Amino acid sequence: MTILKAITTIFVLFAISRAYLRFKDRTLSIFSFVLWILIWSLALVFVFDPNLSNLIAKAGGLGRGADAMFLLSIILLFYLIFRLYTKIDSIDKNLTTLVIELSKEKHKINHKE
Amino acid sequence: METKNSSIYIVIPAYNEESKIGSVIADLKTSGYHNILIVNDGSKDNTAKIANEAGAEVLSHIINRGQGSSLRTGIEYLRENYKPDVIITFDADGQHQVSDIPNLIEPILSKKADIALGTRFGEKKSNVSIIKKIVLKIAVIFTNIISNIHLTDTHNGLRALGENAIWKIEISHRGMEHASDIIDEITKKKLTYIEVPVKIVYSEYSKMKGQKTSGFIKMGLKLLIKKLTQ
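Since we're looking at a predicted model, the values are computed, not measured. (Residues numbered from 1 in each chain as written. Chains lettered and ligands numbered in written order. Predicted model: local features only at pLDDT ≥ 70, side-chain atom pairs only at ≥ 80, totals over all residues.)

1. Some thoughts on the overall build of chain B
To keep things clear, this is the line we draw: Counting from the N terminus, the helices are DSSP H or I runs at least four residues long and the strands are E runs at least two residues long. Put simply, a residue is buried when 20 or more other C-beta atoms lie within 10 Å of its own C-beta and exposed when 12 or fewer do; between those, it is partly exposed, and each C-beta is set from the backbone. For the purpose of contact definition, each residue receives a C-beta atom placed from its backbone, and two residues are in contact when these atoms lie within 7 Å.
Scanning chain B for helices and strands turns up nine helices and seven strands. Out of the 230 residues in chain B, the part that is buried amounts to 47%. The long-range share in chain B, meaning contacts at least 24 apart out of those at least 6 apart in sequence, stands at 76%.

2. Considerations on the overall build of chain A
Along the backbone of chain A there are four helices and zero strands. Shown N-terminal to C-terminal, the secondary structure of chain A runs as helices and strands in the order α-α-α-α. Along the three orthogonal principal directions, the C-alpha set of chain A runs to about 75 × 30 × 20 Å. Long-range contacts, defined here as pairs at least 24 residues apart, represent 30% of the contacts in chain A between residues at least 6 apart.

3. Looking at the sheet that holds strand β7 (residues 193-197) of chain B
Residues and elements named next belong to chain B. Spelled out, the test is: A strand pair is defined by DSSP finding two or more bridges across the two strands. Angles shown run from 0 to 180 degrees and are taken between the N-to-C directions of axes, each axis being a line fitted to C-alpha atoms and, for helices, limited to the stretch in contact.
Here we have seven strands laid out as an open sheet, ordered β3-β2-β1-β4-β6-β5-β7, and mixed in their pairing. Strands at the two margins of the open sheet, each flanked by one partner only, are β3 (57-61) and β7. Here the strands of the sheet are splayed against their neighbours by 20 degrees on average, with no regard to which way each runs. The sheet contact formed by strand β2 (residues 36-41) and β3 spans five bridges and is parallel. What sits directly across from isoleucine 38, in β3, is valine 58.

4. Concerning helix α3 (residues 67-81) of chain B
Residue and element names in this part refer to chain B. Short version of the rule: To estimate how far a helix should extend, the number of its residues minus one is multiplied by 1.5 Å.
The end-to-end C-alpha distance of α3 is 21 Å, a good match for the 21 Å that 15 residues give at a rise of 1.5 Å each. Buried residues dominate α3, accounting for eleven of its 15 residues. Those residues of α3 that fall on the buried side of the exposure criterion are Gln67, Gly68, Ser69, Ser70, Leu71, Arg72, Thr73, Gly74, Ile75, Tyr77 and Leu78.

5. Some words on the environment of isoleucine 183 of chain B
All names here are of chain B. Inspection of the secondary structure assignment puts isoleucine 183 in helix α7 (residues 178-188). Taking the C-beta count within 10 Å as the criterion, isoleucine 183 has 22 such neighbours and is therefore assigned buried. Taking the C-alpha atoms as reference, isoleucine 183 lies 28 Å from lysine 20; in sequence the two are 163 residues apart. For isoleucine 183, the contacting residues outside a window of four places in its chain are Thr143, Ser147, Ile149, Leu151 and Thr154.

6. A word on the packing of helix α1 (residues 3-24) of chain A against helix α2 (residues 30-48) of chain A
Residues and elements named next belong to chain A. For clarity, the cut-off: With respect to orientation, any angle under 35 degrees is reported as roughly parallel, any angle over 145 as roughly antiparallel, any angle of 65 to 115 as roughly perpendicular, and every other angle as oblique. Polar here means any residue outside two lists: the nonpolar Ala, Val, Leu, Ile, Met, Phe, Trp, Tyr, Cys and Pro, and the charged Asp, Glu, Lys and Arg; Gly therefore counts as polar.
At a closest axis distance of 10 Å, the pairing of α1 and α2 adopts a crossing angle of 175 degrees. Compared by their axis directions, α1 and α2 come out roughly antiparallel. Facing α1, whose interface residues are Lys5, Thr8, Thr9, Val12, Ala15, Ile16, Ala19 and Phe23, α2 presents Phe33, Trp36, Ile37, Trp40, Ala43, Leu44, Val47 and Phe48. For the contact of α1 with α2, the class distribution of residues is 13 nonpolar, two polar and one charged.

7. Thoughts on the nonpolar core
Residue and element names in this part refer to chain B. Keep this limit in mind: Under the definition applied here, buried Ala, Val, Leu, Ile, Met, Phe, Trp, Tyr and Cys residues are grouped into a nonpolar core through C-beta atoms within 7 Å.
Ranked by size, the top nonpolar core spans 54 residues in total, and within it Ile10, Val11, Leu37 and Ile38 carry the most contacts. Sorting elements by how many residues they give to this core places strand β1 (residues 8-14) first, with five residues. Non-local contacts of leucine 37, meaning those with residues more than four positions away in its chain, are made with Tyr9, Ile10, Val11, Ala56, Glu57, Leu59, Gly74, Tyr77 and Leu78.

8. Focus: the packing of helix α4 (residues 65-112) of chain A against α3 of chain B
Each pair of packed helices can be described by the angle between their axes along with the distance between the axes. Selection criterion: Each helix crossing is assigned a hand: it is left-handed if the near helix lies turned anticlockwise from the far helix by less than a right angle, otherwise right-handed if that turn is clockwise.
The contact between α4 of chain A and α3 of chain B brings their axes to 10 Å, and the two run at 45 degrees. As the angle between them shows, α4 of chain A and α3 of chain B are arranged oblique. The handedness of the crossing between α4 of chain A and α3 of chain B comes out as right-handed. In this structure, α4 of chain A contributes Thr96, Val99, Ile100, Ser103 and Lys104 of chain A to the contact, and α3 of chain B contributes Ser69, Arg72, Thr73, Glu76 and Tyr77 of chain B.

9. Focus: the confidence of the model for chain A
This is how the line gets drawn: Per-residue confidence from the predictor is given as pLDDT, running between 0 and 100.
Summarising the model, chain A shows a mean pLDDT of 87, and 98% of its residues fall at 70 or more. Per-element confidence in chain A is highest for α1 of chain A, whose mean pLDDT is 90, and lowest for helix α3 (residues 50-59) of chain A, whose mean pLDDT is 79.

10. Some words on unusual backbone geometry
Residues and elements named next belong to chain B. Phi angles above zero are rare outside glycine, and asparagine 16 is one such case at about 50 degrees. By the element assignment, asparagine 16 lies in the loop between β1 and α1 (21-30). Residue classification places asparagine 16 among the partly exposed positions, given that 18 C-beta atoms sit within 10 Å.

11. Some thoughts on the pairing of strand β4 (residues 86-89) of chain B
Residue and element names in this part refer to chain B. Because side chains alternate across β4, one face comprises the buried residues Val86 and Ile88, and the other comprises Ile87 and Thr89, equally buried. Sheet topology places β4 next to strand β6 (residues 159-162); four bridges connect them, and they run antiparallel. Across the sheet, the residue bridging to threonine 89 is arginine 159, located in β6.

12. Side note on the pairing of β2 of chain B
Residue and element names in this part refer to chain B. Note the threshold: Orient the strands so they point away from the viewer; a crossover is then right-handed if the path from the first strand over the helix to the second runs clockwise.
Burial analysis of β2 places six of its six residues in the buried class, the great majority of the element. Of the two faces of β2, the one carrying Ile36, Ile38 and Asn40 and the one carrying Leu37, Val39 and Asp41 are both buried. Following the chain from β1 across α1 to the adjacent parallel β2, one finds a crossover that is right-handed. Running through helix α2 (residues 47-53), the crossover from β2 to the neighbouring parallel element β3 is right-handed.

Set out below in structure tokens:
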């Protein structure tokens with residue numbers, strides 16, 4: 001096993017263990033947990049068998065396996081950014097609603113006193 | 001808050017406006033508008049205290065959330081606790097003129113429109129800088145395309161909402177993009193609208209406090225993302 005393969009394996013196992021802990025804490029849904037296992041396992045497969053990426057590249061009409069990996073990584077990153085954006089947006093909206101409701105409630109209490 | 005003489009309410013979002021808020025409230029009261037609601041948006045200065053002493057009703061956000069959320073607070077609070085016929089949205093930095101209010105109220109009370117929107121590009125000349133004028137015109141084109149509506153000024157904070165608009169309009173953006181939300185809602189909820197020429201007086205203070213020209217680019221991007229993710 002090369003150093004790169006060893007480092008990647010350790011990192012992937014670490015990442016999956018983090019995902020598992022978050023899943024155990026119920027901060028990660030089963031869907032997200034499975035998705036992360038798939039993503040990291042796929043990364044591991046490509047590191048151990050680079051020829052597999054060449055097969056995917058050929059099937060997708062791309063020249064090299066590295067190009068296919070690069071394209072897939074960009075697609076994945078965009079998807080993750082989109083998910084993060086929607087999540088942050090939802091948290092921001094909830095925070096605004098909380099602040100609004102709190103201001104009305106506080107005003108009501110102050111006026112009753 | 002007085003309710004007996006009038007059902008016209010003024011909502012003023014305020015963030016760190018201690019130097020202006022007192023005179024803005026005094027001007028409104030002198031002109032006979034006594035139902036004034038200040039939404040203190042997490043100010044770190046004495047805005048709330050001064051507004052209270054000036055005789056306005058004050059609601060306070062514990063943290064700063066932006067002008068859109070302050071207007072949402074004000075409108076929601078008024079419709080839950082009073083029965084307003086008209087709500088005027090007014091700025092705290094002194095750039096809006098109290099003398100424009102009757103012209104905004106008139107089409108609402110005479111049932112000509114559900115909402116009256118102030119425009120800087122009518123016969124009343126506002127001292128808008130060339131750069132701001134260009135940016136505002138781009139914002140108008142952008143909003144008109146996105147919201148499928150034809151207006152001359154899409155980001156004017158001086159407006160009057162009639163009963164229909166008060167109950168139907170929902171502001172979803174917490175920042176300055178709320179102006180586009182309101183226009184979007186006019187189309188979505190099929191509200192009738194009218195543009196009323198108003199005079200906006202830009203002082204050094206209001207330029208410092210108001211929306212920066214660069215903020216329009218940020219706002220445009222936010223609105224585009226919202227449209228793409230809806």
